[in-house]
Amino acid sequence: APLFPLAGRTVTISAGGTREPLDPVRFLGNRSSGKQGVALAEAARDAGATVRLVAAHMEVPAPAGVDVVSVETALQLRDAMLSAAAGSDVVIMAAAVADFRPADVSGTKIKKRDGHADPVVSLVRNPDILHELVTVRDAGGTSQLVVGFAAETGDAHGDVLEYAAEKLKRKGCDLLVVNHVGSDKVFGQDHNSVVILSRAGSEPQSASGTKHDVAAVVIDRIGAELSRVFP
Ligand code: C5P
């Protein structure tokens, strides 16, 4: 195998969790640490790629040697990803994007006031950025590999891989990296266990170990797909 399988390629990666403001001091957020996305950025860099990292809130620092754009909200992440994706050979959505944001953002701190009703927060949907990236890629007719992540739990109605296969179809991405999420697994942890599904329908590929190990397997797989599809 070549020493730098992604030499000459540009890889755009989103990482971390978006924060959706309620007022100047409060937000709705999620538990993403950014560790998996940062590990991917490092692995892509070490494979020789030019790396663009779109970083939402992260508990770990961005790696050296990558271009970083910091964002807060899903809408900001969408804009940053759409512009970074243009001209990229690979786009990886590893960020935990809030599905909803508060419908109204108060310009001043929301206060508790005696004799007044407690506030009710209504939410509106955020766009599905992964799906949009695929749509833009297809409309442009460019050759670009789009990779999504999915955290799935199995339940009485179906198993994890069935749900993941449906998601892969719905999102239209080329590869979907599936986490099986248990109660205390994945979030903030250093270890991860995933299955990589491909739209082309090749056998599911498993990987587990540290988030660094998983990133190396995902980046290897991306290198293999690229040399097969866009040599
Ligand atoms: O639908 P779900 O959130 O499970 O899909 C996860 C994948 O979709 C991840 O790659 C995530 O980054 C991406 N996503 C997105 N925009 C959203 C929600 C999720 O791009 N609004």
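All values reported here derive from a predicted model rather than from experimental measurement.

Draft legend 1. Quick peek at the site of the ligand. M93, A95, V97, D99, P127, D128, I129, L130, G148, F149, K167 and K171 make up every residue found near the ligand. Separating a nitrogen atom of the ligand from a backbone N or O atom of I129 is a distance of 3.0 Å. With the chains in place, 86% of the 450 Å² that the ligand exposes on its own is no longer accessible. Looking at the shell around the ligand, the elements that each hand over two or more residues are helix 3 (129-140), strand 9 (145-152) and helix 4 (160-171). Grouping the constituent residues of the shell around the ligand by class yields seven nonpolar, one polar and four charged.

Draft legend 2. Spatial organisation of helix 3. Taking 1.5 Å of rise per residue, twelve residues should cover 16 Å, and helix 3 covers 16 Å from first to last C-alpha, within 8% of that figure. Regarding helix 3, the residues found buried are I129, L130, L133, V134 and R137. For helix 3, the angular spread of buried residues about the axis comes to 145 degrees, placing them on one side. Looking at the buried side of helix 3, the elements it contacts are helix 2 (74-85), strand 6 (90-93), strand 9 and helix 4.

Draft legend 3. Quick peek at the sheet that holds strand 9. Spatially, 5-4-1-6-9-10-11-12 is the arrangement adopted by the eight strands of the open sheet, whose pairing is mixed. Sheet topology places strand 5 (67-70) and strand 12 (205-210) at the edges, where each strand pairs with a single neighbour. Averaged over all neighbouring strand pairs, the angle between strand axes comes to 20 degrees, with direction disregarded. The sheet contact formed by strand 11 (residues 191-198) and strand 12 spans six bridges and is antiparallel. The residue bridging V195 from the neighbouring strand is S206, located in strand 12. Against the sheet, helix 1 (residues 35-46) makes contact with strand 1 (10-15), strand 4 (50-55), strand 6, strand 9 and strand 11, and its axis sits at roughly 165 degrees relative to strand 1, the strand it touches most. The strands that helix 4 touches are strand 9, strand 10 (175-180) and strand 11; relative to strand 10, the one it contacts most, it runs at about 150 degrees.

Draft legend 4. Structural context of the environment of A216. Residue position: A216 is located in helix 5 (residues 211-229). Here A216 falls in the partly exposed class, since its relative accessible area comes to 37%. Distance from A216 to D155, taken between C-alpha atoms, is 30 Å for residues 61 residues apart in sequence.

Draft legend 5. Looking closely at a nonpolar patch on the surface. Nonpolar side chains collect at one region of the surface, where L28, F100, V121 and L123 lie side by side and expose about 330 Å² of accessible area between them. Residue placement: F100 occurs in strand 7 (residues 100-102). For F100, a relative accessible area of 41% translates into the label partly exposed.

Draft legend 6. Just the confidence of the model for the chain, in detail. Predicted confidence across the chain gives a mean pLDDT of 93, with 97% of residues reaching 70 or more. Confidence metrics for the complex model read pTM 0.95 and ipTM 0.98.

Thresholds, definitions, all that
Residues numbered from 1 in each chain as written. Predicted model: local features only at pLDDT ≥ 70, side-chain atom pairs only at ≥ 80, totals over all residues. Heavy atoms only, no water. Near = heavy atom within 4 Å. Polar contact = N/O pair within 3.5 Å; in protein donor to acceptor, adjacent residues only side chain to side chain. Areas by Shrake-Rupley, 256 points an atom, 1.4 Å probe, with all protein chains shown as cover. Helix = DSSP H or I, 4+ residues; strand = E, 2+ residues; numbered from the N terminus. Nonpolar A, V, L, I, M, F, W, Y, C, P; charged D, E, K, R; others polar. Expected span 1.5 Å × (residues − 1). Buried < 20%, exposed > 50% of the residue type's maximum accessible area, 1.4 Å probe, protein only. Arc of directions from axis to C-beta. Contact = heavy atoms within 4.5 Å. Pairing = 2+ DSSP bridges. Axes fitted to C-alpha atoms, helices over the stretch in contact; angles between N-to-C directions. Patch = residues over 30% accessible without salt bridge, like charges linked within 9 Å, V, L, I, M, F, W, Y side chains within 5 Å. Salt bridge = Lys/Arg side-chain N within 4 Å of Asp/Glu carboxyl O. pLDDT = per-residue confidence, 0-100.

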